[in-house]
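Tertiary structure, described
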Amino acid sequence: MKRISTSNAPAAIGPYSQAYISGGLLFTSGQIALDPASGAVVGTTIEEQTEQVMKNMGALLAAAGSSYSQTVKTTCFLADMGDFTAFNEVYGKYFTEKPARSCVAVKTLPKNVLCEVELIAEV
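Residues numbered from 1 in each chain as written. Predicted model: local features only at pLDDT ≥ 70, side-chain atom pairs only at ≥ 80, totals over all residues. Heavy atoms only, no water.

What follows deals with the side chain of Q49. Within the secondary structure, Q49 is located in helix 1 (residues 46–64). Side-chain polar atoms of Q49 contact the backbone nitrogen of L114, separated by 2.7 Å. If we skip the residues at most four places from it in the chain, Q49 touches A33, V41, V42, G43, T44, V113, L114 and C115. (Helix = DSSP H or I, 4+ residues; strand = E, 2+ residues; numbered from the N terminus. Polar contact = N/O pair within 3.5 Å; in protein donor to acceptor, adjacent residues only side chain to side chain. Contact = heavy atoms within 4.5 Å.)

This part takes up the sheet that holds strand 5 (residues 100–105). Strand pairing in a sheet relies on backbone hydrogen bonds. The paired strands run either parallel or antiparallel. On the basis of which strands lie adjacent, the open sheet formed by six strands has the order 1-2-3-6-4-5 and mixed pairing. Either end of the sheet is taken by a strand with one partner, and the two such strands are strand 1 (2–4) and strand 5. Within the sheet, the average angular offset between the axes of one strand and its neighbour, ignoring direction, is 15°. The pairing of strand 2 (residues 19–22) with strand 3 (residues 25–28) spans four bridges and is antiparallel. Bridge pairing in strand 3 places I21 opposite L26. Helix 1 rests against strand 1, strand 2, strand 3, strand 4 (71–78) and strand 6 (115–122) of the sheet, and its axis sits at about 25° to strand 6. (Pairing = 2+ DSSP bridges. Axes fitted to C-alpha atoms, helices over the stretch in contact; angles between N-to-C directions.)

Have a look at this one:
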């Protein structure tokens, strides 16, 4: 196993790592809309927050030598399923290869953000 850590994505806000590579696959922790430099939540709308989540995911993918197109599975968490369509508009710009996905609504997310995404990708 190899731990992936980059300053281009937010540092962990708990006892976990940003990502690991194991068996040729990248496993990321959930990413929320945090600015990597300040740790502050970016944006107030689902579109703004999803854009930041995708930037954070891109940084982890790059640090691991992978890419959005090599993603095989995502798990998406929304604070409000009413944001599903708007979330998909932003998400679809990045995951053009349409990896397998689960998307669920949850009661609350860390720092009261609107979405969180984790992924598994080939490296």
